[in-house]
Amino acid sequence: MKKEKKEFKTESRQLLNLMVNSIYTNKEIFIRELISNASDAIDRYHLTSLTDDNLEKTNDYEIFLETDEKKKFSIQDNGIGMTYDELIENIGTIAKSGTIDFLKRLKKKQVKDAEMIGQFGVGFYSSFMVAKKVVIETKSPYSETGYKWISSGESEYTIEECDMEEHGTKITLYMRKDDDDDTYSDYIKTQKIKSLVKKYSDYVKYPIRMEVEKTNPKLDDDGNEIEDETETVREIETLNSQIPIWKKNKAEVSEDDLNDFFKTQYNEYTDPMMHIWTNVEGALTYKSIVFIPGKAPYNLYSEKYEKGLQLYAKGVFIKDKCKELVPDYLRFIKGLVVSPDLSLNISRETLQQNRQLVNIAANLEKKIIKELERTLKNDRELYEKFWDEFGVNIKYGVYDDFGMKKDMLKDLLMFETLNEDKKITLNEYVDNMKEDQTNIYYGSARTKDAIKASPQLDAIKSKGYDVLVLTDDIDEFMINILNEYDKKPFKSINQGDLDLADEENKETVKKKTEENKDVLEAIKEALKDDVKDVKLSTRLTESPVCLVSGEGVSFEMEKVMEQMPSDQKMKADRILEINPNHKLFKAITHVFKNDPDAFKDYAAVLYNQALLIEGLDVKDPVSFSNKMVNLMVKAAGDDEQSS
Ligand code: ADP
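A few points on the structure. Treat the numbers as computed from the prediction; the structure is a model and nothing was measured.

What counts and what doesn't
- Residues numbered from 1 in each chain as written.
- Predicted model: local features only at pLDDT ≥ 70, side-chain atom pairs only at ≥ 80, totals over all residues.
- Heavy atoms only, no water.
- Pairing = 2+ DSSP bridges.
- Helix = DSSP H or I, 4+ residues; strand = E, 2+ residues; numbered from the N terminus.
- Axes fitted to C-alpha atoms, helices over the stretch in contact; angles between N-to-C directions.
- Buried < 20%, exposed > 50% of the residue type's maximum accessible area, 1.4 Å probe, protein only.
- 1 Å grid on protein atoms, 1.4 Å probe; cavity = no way out; pocket = protein on both sides within 12 Å on 5 of 7 lines; lining within 4 Å.
- Points joined across faces, edges and corners; volume = space filled by probe spheres on them.
- Nonpolar A, V, L, I, M, F, W, Y, C, P; charged D, E, K, R; others polar.
- Domains from an automatic or database assignment.

1. Overview of the sheet that holds strand E14 (residues 334–339)
So, step 1. On the basis of which strands lie adjacent, the open sheet formed by 5 strands has the order E10-E11-E14-E12-E13 and mixed pairing. Unpaired on one side and paired on the other, strand E10 (274–280) and strand E13 (316–322) mark the two borders of the sheet. Shown here is a sheet whose adjacent strand axes are inclined to one another by a mean of 10 degrees, direction ignored.
So, step 2. Pairing of strand E12 (residues 309–313) with E14, which is carried by 4 bridges, proceeds in the parallel orientation. Residue pairing for E14: Tyr312 is matched across the bridge by Val338.

Structure representation (structure tokens):
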């Protein structure tokens, strides 16, 4: 194969450009990124070898660093390596939506550079912050030969074949010359590398080794030290402790240790919000450390996000993202599970059918919920932080599986309300209920202000009842599944009749309904395909009409379902309420008696207005507009005649 010249894809060029003209001050993290890639590559070799008999099984893994302390630094691993295609695909293009998203946000100045590499994993390209030329030599166990990739971080790179015996990758950085901006050679001084590895990569589970120079006392032939005489020897030293944190005594591990572990293991930038360390012994034996991240991953709600915990059986790494250990609604947790009960062959079994794993998952879920309850009770501030970042997942948990977990989760829910300026739990809502109050009231709309505009609110306010504010898509679906809390049913202020009007008002409306029975019937008849009922309203004061939904599906739910891909679209029942004291009602009664032809148009216009007020689409905009035009022309014409 001849040496080939290739161009980087556009996004890669943008990213490289950023690295070369680095805006990022923390350049030392290139070592962390390269070590993390090497460790991932070994993980992948190891996990593939568990299921592919063609790959040699080994535990002889190593990440080897070399430095000349001036110009050249290299890192070598014996991991999965890359084939020719993979080399082009992985290094020449940015496949990850995360990085592309990052570039976009950077352009819009939505991210600060300090956040960047940690959160978005710019990864390998970070080498160009310190190197003027980078060489990759790599061999996949699935490829006959090795390949050598060279680039100076401009628009091109070259690829050619090279001889390599073992699978794995060696990356060599030719450091930039020291200049005003930075002393690049400092990054690759032996002492510096040692401290960077300790700082960023101490928990990497494979040994990170380097040849270091040591000055030892000179020994005589009998092995005794000779006074005042030393000799310099080169020795291979392992730089990272690798002691898996879970093997340490819980009491000896500091908060800082755990935070560092979290950040290096899971490529996180911020400290975790909480951790839950569990040791279970008995019929079921496992250890686990679960973290709730400080920030929700940017892609948590995208399909590409993979949930899961790392799984170790008898101390051997089995799987990176074991999804069977994590219910969907806790998909944001990170961490690991270690169990001596699991067989090493577990990676060949269907994990879902493994009883132990199912039991561990259930047990762990309970522990996490307990810890959240404890936090809610003892550290409100932290809990609210958790709620703001991840609360919507808990709501999803209540709703999911037909509410199977609602009893376990309902006390973790928090709500904004109309009366309180802080978020409250359902328990707190119920505690604050007025003596005569039997329902838990909620309003649902896009914003709190829209809820405040609800026609029924006056009556509720005058009684002093509080109202839960629901603005998330999932909210009403969740409330419907909950149905009640502490035997108090939930009641929407937008739906159905709240029965809060005073007796006198009710009597009057009842009387008027009797008197106008025929008009109401006629409107209902004219709109029979659209509305379930037409009523005179006890709640309207200003507006001429409103549309309320019956029990069950609400308008907000209808709007949410409208956006979902499913074809099971349910519609809310529409009840048209008319204000009996409004002039418009008198007008329509008049038309009903004197101009039966125009009456149908009046009914249709009335209904469409109600739709508009409720934020729903009018049924047939053209016909609606035509009817309005007719009415306006007619009104003007009538005026002319009368003048
Ligand atoms: P990330 O590691 O976050 O995916 P990088 O830009 O650092 O992003 O690396 C891109 C890809 O190149 C990796 O996903 C991996 O497939 C491949 N790669 C990088 N370093 C190595 C390595 N040492 N061995 C094998 N493949 C590697």
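2. Considerations on the pairing of E10
Consecutive residues of a regular strand have side chains that alternate between opposite faces of the sheet.
So, step 1. Buried residues dominate E10, accounting for 5 of its 7 residues.
So, step 2. Here 7 bridges tie E10 to strand E11 (residues 286–292), and the two strands are oriented antiparallel to one another. Counted as the bridge partner of Asn279 is Lys287 from E11.

3. Quick notes on empty space enclosed by the protein
So, step 1. Going through the model one piece at a time under the given rule, you end up with 1 cavity of 30 Å³ or more.
So, step 2. Within this model, the largest cavity holds a volume of roughly 70 Å³.
So, step 3. What lines the largest cavity is a set of 13 residues, and nearest its centre among them are Ser444, Asp472, Asp473, Glu476 and Glu556.
So, step 4. At the level of secondary structure, the elements contributing two or more residues to the lining of the largest cavity comprise helix H14 (475–482) and helix H17 (555–563).
So, step 5. Of the residues belonging to the lining of the largest cavity, the class tally is 5 nonpolar, 2 polar and 6 charged.
So, step 6. Each of domain 3 (413–492) and domain 4 (503–642) gives at least three residues to the lining of the largest cavity.

4. Digging into unusual backbone geometry
So, step 1. Unusually for a residue other than glycine, Gln242 sits at a positive phi of about 55 degrees.
So, step 2. Take Gln242: it is sitting in the loop between strand E9 (225–238) and helix H7 (255–265).
So, step 3. A positive phi is found at Asp486, a non-glycine position, where the angle reads about 50 degrees.
So, step 4. With respect to the helices and strands, the residue Asp486 is situated in the loop between strand E18 (484–485) and strand E19 (488–492).

5. Structural notes on the environment of Glu558
So, step 1. When you line up the elements, Glu558 lands in helix H17.
So, step 2. The exposure class of Glu558 is buried, given its relative accessible area of 5%.
So, step 3. Sequence separation between Glu558 and Thr10 is 548 residues; the distance between their C-alpha atoms is 42 Å.

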